[in-house]
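# Chains, contacts and geometry: an overview
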Amino acid sequence: MTWSRDAVIVGGGVIGAVCALATLRNGMSTLIIDDASGERPASYGNAGHIALEQLAPLASLAALRAAPGRLFAFGGPLDFRVRDVSAWGPWALRYLKACNPKATKAGTQALSTLLAAAGPALRALVQDLGAPDLLSEHGHLMVWESPRTAARGRATWGAAETGTVRIRDLSEGEAATLQTRIAPPLADGIAFDGGGQIADVSLLLQTLDELHRARGGARRAGRVADICEVEGRPHVTLDDGTTLTPAVVVIAGGVGSGALMRSAGHVAPVVAERGYHIEGPAGDWGDLPPVVFEDRAMIVTRFADRLRASSFVEFADARSPADPRKWARLRDHASALGLPLAHAETATWMGARPTLPDYLPAIGRSRRVGGLIYAFGHQHLGLTLSALTGELVADLAVGRTPTIDLSPFDIGRFEPV
Ligand SMILES: Cc1cc2nc3c(=O)[nH]c(=O)nc-3n(C[C@H](O)[C@H](O)[C@H](O)COP(=O)(O)OP(=O)(O)OC[C@H]3O[C@@H](n4cnc5c(N)ncnc54)[C@H](O)[C@@H]3O)c2cc1C
């Protein structure tokens, strides 16, 4: 089989899969190369939440001030794998720099623009997939178990900009239904209208793959080792020695994008922000939208007949072994809440969010290698921004001006001036 295609997309997570489909829709032949290392990436393991309200990047003085109280050692979700300091230390120095109020304000503006367009793009994507039910626009809920944390949470969200998402009190019905599912008494809660969830993330990935193949797209397993420019075109070399010189290459390799971008001569300080989940049968959870238990920094999402509890932000080398204490903590939370997960045989997962120091994604065209496009660094918002990213990348691939100003997402922002 010949692998000659107009566009090669490196990475078969949700960003790569959507970019491939959008590029194909715009008339280019496509090949996805994914290392299929057996580890299910972030695109599989996430919480499924369409988080259109998360306008403020986590590179901010507020996030920095809150960090000590959120450390894993004190019961919180934030952890740093000390042995991997070389993987996250230099990133952390850049992060501190990105926390200045002017940068945070500009970042909020940039993310707001993306998030305002993300919902319509997702709607269009699920229509194209012939699977509109994959997007459930039923918002999400947030609850607190103590009046003190409830007052603090309400104040924070009351002052936050939430874009197209509206916050309201829980209805009596919502509060009563929730309380029947949860053992401890809930102190308070709010509802977010306007976002939602992907009804089943595994099914989304499968449907994307099937449609890409059905329309003539190809996919092969392999690890891309290097990307450089040869005679004005991107030149891709795989670990097994295979070389390809398509018109367009899209780097969409999640955390793996850093090394690929460096091979192409870019500075791309992407870090692995690792998260964990446990998952089991949904039991009598019902059809509740995603519920954030803010005191426990945990989100519970139903996917088809499964229930998933996700949490943690662990800075580490993406390849380091998982920390089983995190699954134990999730099980403890599930048990305290009386979730069906506490009783069932739960599956465990760990994987890495790809995150840049300013918590903005990198989407754009390389200035170093002709025909090279990049789309990675989607941090906690990769699923939410996936469909829009696909549209923007397809614009770049066919030489159209994207509908959104991509200058805030240019990877050149990390290069020394
Ligand atoms: C616990 C958790 C919860 C989350 N919850 C949400 C949520 O509710 N909502 C939301 O919007 N986002 C959420 N996210 C974030 C979201 O999952 C990610 O931003 C998104 O999945 C990133 O997708 P990606 O395709 O860029 O990367 P990945 O999913 O990591 O996929 C990258 C792929 O590229 C491949 N690859 C890498 N390098 C190479 C190479 N050199 N050659 C070939 N292949 C390569 C990898 O093997 C992988 O298959 C969550 C993340 C985590 C961890």
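Because the structure is predicted, anything quoted here is derived from the model rather than measured.

### Focus on the overall build of the protein chain
What the protein chain contains, in helices and strands, is 12 helices and 21 strands. Its C-alpha atoms give the protein chain principal-axis dimensions of roughly 65 × 45 × 40 Å. Within the span of the protein chain, comprising 417 residues, buried residues form 55% of the whole. Surface exposure of the protein chain reaches about 17,500 Å², of which carbon and sulfur atoms provide 55%.

### Topic: the side chain of His-333
With respect to the element layout, His-333 can be found in helix H10 (residues 324-337). Among residues more than four places away in sequence, those in contact with His-333 are Arg-296 and Met-298.

### Notes on the site of the ligand
In the vicinity of the ligand lie 35 residues, with Asp-34, Asp-35, Ser-43, His-49 and Thr-384 positioned nearest. Within the side chain of Ser-43, an N or O atom sits 2.5 Å from an oxygen atom of the ligand. At 2.7 Å from an oxygen atom of the ligand is found a side-chain nitrogen or oxygen belonging to Thr-384. The fraction of the free accessible surface of the ligand (1,000 Å²) that becomes covered by protein chains is 94%. Counting only elements with at least two residues in the shell around the ligand, the list comes to helix H1 (14-25), strand S2 (30-34), helix H2 (42-45), strand S19 (347-355) and helix H12 (382-398). Here the element with the most residues in the shell around the ligand is S19; it accounts for 4 residues. Along the lines of polarity and charge, the residues of the shell around the ligand split into 13 nonpolar, 18 polar and 4 charged.

### Here we look at the sheet that holds strand S12 (residues 233-238)
Taking strand neighbours across the sheet as the criterion, the 3 strands line up as S11-S12-S13 in an open arrangement whose pairing is antiparallel. Of all strands in the sheet, those with a lone pairing partner are strand S11 (224-230) and strand S13 (243-244), marking the two edges.

### Some words on the environment of Ile-299
With respect to the helices and strands, Ile-299 occurs in strand S17 (residues 298-303). For Ile-299, a relative accessible area of 13% translates into the label buried. With 252 residues separating them in the primary sequence, Ile-299 and Ala-47 have C-alpha atoms 7.0 Å apart. Among residues more than four places away in sequence, those in contact with Ile-299 are Ala-47, His-49, Pro-290, Val-291, Val-292, Arg-308, Ala-309 and Ser-310.

### Some points on H12
For H12, built from 17 residues, the straight-helix expectation of 24 Å at 1.5 Å per residue is met to within 8% by its first-to-last C-alpha distance of 23 Å. Gly-399 sits one or two positions beyond H12 and adopts a positive phi of about 85 degrees.

### Focus: the packing of aromatic side chains
This structure, assessed with the given rule, holds 12 aromatic pairs. With a centroid separation of 5.0 Å and an interplanar angle of 55 degrees, the aromatic rings of Phe-80 and Trp-88 are classed as tilted. By relative accessible area, Phe-80 is classed as partly exposed at 31%. Note on Trp-91 and Tyr-359: the rings are 6.0 Å apart at their centroids and 75 degrees apart in plane angle, and the pair reads as edge-to-face. Note that Trp-91 is positioned in helix H4 (residues 85-98) and Tyr-359 in the loop between S19 and strand S20 (362-365), a separation of 268 residues in sequence. Accessibility assignment for this pair places Trp-91 and Tyr-359 in one class, buried. Through a chain of ring-to-ring contacts, the aromatic side chains of Phe-80, Trp-88, Trp-91, Tyr-95, Phe-315 and Tyr-359 assemble into a single cluster.

### Examining helix H5 (residues 101-128)
Relative to the 40 Å expected for 28 residues at 1.5 Å per residue, H5 spans 40 Å between its end C-alpha atoms, a close match to the ideal helical length. By the largest-angle criterion, Ala-118 marks the main kink of H5, which is about 35 degrees, and a proline, Pro-120, follows within four residues. The opening residue of H5 is Asn-100, an N-cap whose side-chain oxygen sits 3.1 Å from the backbone nitrogen of Lys-102. Trailing H5 by a residue or two, Gly-130 shows a phi angle of about 70 degrees, which is positive.

### Things to note about the packing of H1 against H12
One can describe the packing of H1 onto H12 by two numbers: an axis separation of 8 Å at closest approach and a directional angle of 40 degrees. By the criterion of interaxial angle, the relationship of H1 to H12 is oblique. Here H1 and H12 pass one another in a crossing that is right-handed. Contact residues: H1 offers Val-14, Ile-15, Val-18, Cys-19, Ala-22 and Thr-23, while H12 offers Gly-382, Leu-383, Ser-386, Ala-387, Thr-389, Gly-390, Glu-391, Val-393, Ala-394 and Ala-397.

### With respect to the layout of surface pockets
The space that makes up the second largest pocket amounts to roughly 460 Å³. Contributing to the lining of the second largest pocket are 19 residues, with Lys-97, Ala-98, Asp-358, Arg-413 and Phe-414 lying nearest its centre. The set of elements that each furnish at least two residues to the lining of the second largest pocket consists of H4 and H5. Ranked by the residues each element gives to the lining of the second largest pocket, the list is headed by H5, at 4 residues.

### Some thoughts on the pattern of salt bridges
Counted by the stated rule, this structure contains 26 salt bridges. For Asp-188, the salt bridge goes to Arg-154, with nearest N and O atoms at 2.5 Å. With Asp-188 in strand S8 (residues 188-193) and Arg-154 in helix H6 (residues 147-159), this pair connects stretches of sequence that are 34 residues apart. Judged by relative accessible area, which is 31%, Arg-154 ranks as partly exposed. The network of salt bridges with common partners includes Asp-79, Arg-274, Glu-314, Asp-323, Arg-325 and Lys-326.

### Let's talk about the environment of Arg-223
You can see Arg-223 is positioned in the loop between strand S10 (218-221) and S11. Those residues in contact with Arg-223 that sit more than four places away from it in its chain are Asp-35, Thr-237, Leu-238 and Asp-239. Within the structure, the side chain of Arg-223 is placed 2.4 Å from the side chain of Asp-35, a separation counted as a polar contact.

Rules and cut-offs
- Residues numbered from 1 in each chain as written.
- Predicted model: local features only at pLDDT ≥ 70, side-chain atom pairs only at ≥ 80, totals over all residues.
- Heavy atoms only, no water.
- Helix = DSSP H or I, 4+ residues; strand = E, 2+ residues; numbered from the N terminus.
- Buried < 20%, exposed > 50% of the residue type's maximum accessible area, 1.4 Å probe, protein only.
- Areas by Shrake-Rupley, 256 points an atom, 1.4 Å probe, with all protein chains shown as cover.
- Contact = heavy atoms within 4.5 Å.
- Near = heavy atom within 4 Å.
- Polar contact = N/O pair within 3.5 Å; in protein donor to acceptor, adjacent residues only side chain to side chain.
- Nonpolar A, V, L, I, M, F, W, Y, C, P; charged D, E, K, R; others polar.
- Pairing = 2+ DSSP bridges.
- Expected span 1.5 Å × (residues − 1).
- Phe/Tyr/Trp six-rings, centres within 6.5 Å; stacked < 30°, edge-to-face > 60°.
- Bend = angle between axes of the 7 residues up to and from the residue.
- Axes fitted to C-alpha atoms, helices over the stretch in contact; angles between N-to-C directions.
- Parallel < 35°, antiparallel > 145°, perpendicular 65-115°, else oblique.
- Left-handed = near helix turned anticlockwise from the far one by under 90°.
- 1 Å grid on protein atoms, 1.4 Å probe; cavity = no way out; pocket = protein on both sides within 12 Å on 5 of 7 lines; lining within 4 Å.
- Points joined across faces, edges and corners; volume = space filled by probe spheres on them.
- Salt bridge = Lys/Arg side-chain N within 4 Å of Asp/Glu carboxyl O.

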